[in-house]
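Residue-level structural notes
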Amino acid sequence: MSDFVNGIDTFKELYTDYFQAVWGFCSTYLKDREQAMDATQETFFKLYERSDNSYTKQNAIAFIYITAKNICMDNLRRNKFKTKDVELLKNELPSDDSLLEEIATQEMIRCVHSAISQLSGRSLEIATLALEGKSNPEIADVLGISLNSVKSLRKEMYTNLRKIIGHEYIILFFAKLLLHVDK
């Protein structure tokens, strides 16, 4: 992708790369799948309306998360005003630190899923089954291979993931850790 957001192809790429992460971000705060989906779609609609040659990819990503946060906050406020409990609203709105932590979490998840999608063969199968929560014996049963083969292939898969993810995950991991230093 070029450095600037300049067309439908770039918008589609941002949408494809960040939709799940933004949906997860919105879900964390809205606690409602449909509201989170609506907020995510509204976020990308606003990006589409605003995208032009002056937006870099980093500007667009920041815009996405700031817009998603603002839409979620508006939804939370509307929901609380419906119940007329303004004090409860003050206590339940997420802090800036928790928002940054959630962005870091969603970015880590996005990086891992992106890396997994680059795997192939048995590594991809094992990663997919592991993400579904299957244990090594269950994976061995599903794939029809020995438990030792699963362990060996899983170790190889993690090595491949580390190569694919590289420093990006480490940076996100430490960014998330730094959010907890002052607490």
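Let me sum up the structure you'll find in this document. Here the structure is a predicted model, which means the values were calculated and not measured.

Every buried residue of helix H6 (residues 121–131) is listed here: Ser123, Ile126, Ala127 and Leu129. Taken down its axis, H6 places every buried residue within 165 degrees of arc, on the same side. Two residues or fewer past H6, Gly133 is found with a positive phi of approximately 90 degrees.

Here we come to the pattern of salt bridges. Under the defined criterion, the tally for this structure stands at three salt bridges. The shortest N-O distance in the salt bridge between Glu42 and Lys46 comes to 3.8 Å. You can see Glu42 and its partner Lys46 sitting in helix H2 (residues 33–50), four residues apart, about one turn around the helix. Relative accessible area serves as the criterion here: at 35%, Glu42 is assigned to the partly exposed category. One salt bridge connects Arg77 with Asp74, and the closest N-O pair in it is separated by 3.4 Å. One end of the pair, Arg77, and the other, Asp74, are both in helix H3 (residues 57–83), three residues apart, so they sit about a helical turn from each other.

Reading guide: rules and limits
Residues numbered from 1 in each chain as written. Predicted model: local features only at pLDDT ≥ 70, side-chain atom pairs only at ≥ 80, totals over all residues. Heavy atoms only, no water. Buried < 20%, exposed > 50% of the residue type's maximum accessible area, 1.4 Å probe, protein only. Helix = DSSP H or I, 4+ residues; strand = E, 2+ residues; numbered from the N terminus. Arc of directions from axis to C-beta. Salt bridge = Lys/Arg side-chain N within 4 Å of Asp/Glu carboxyl O.

The quantities given are spatial measurements derived from coordinates; they are silent on function.
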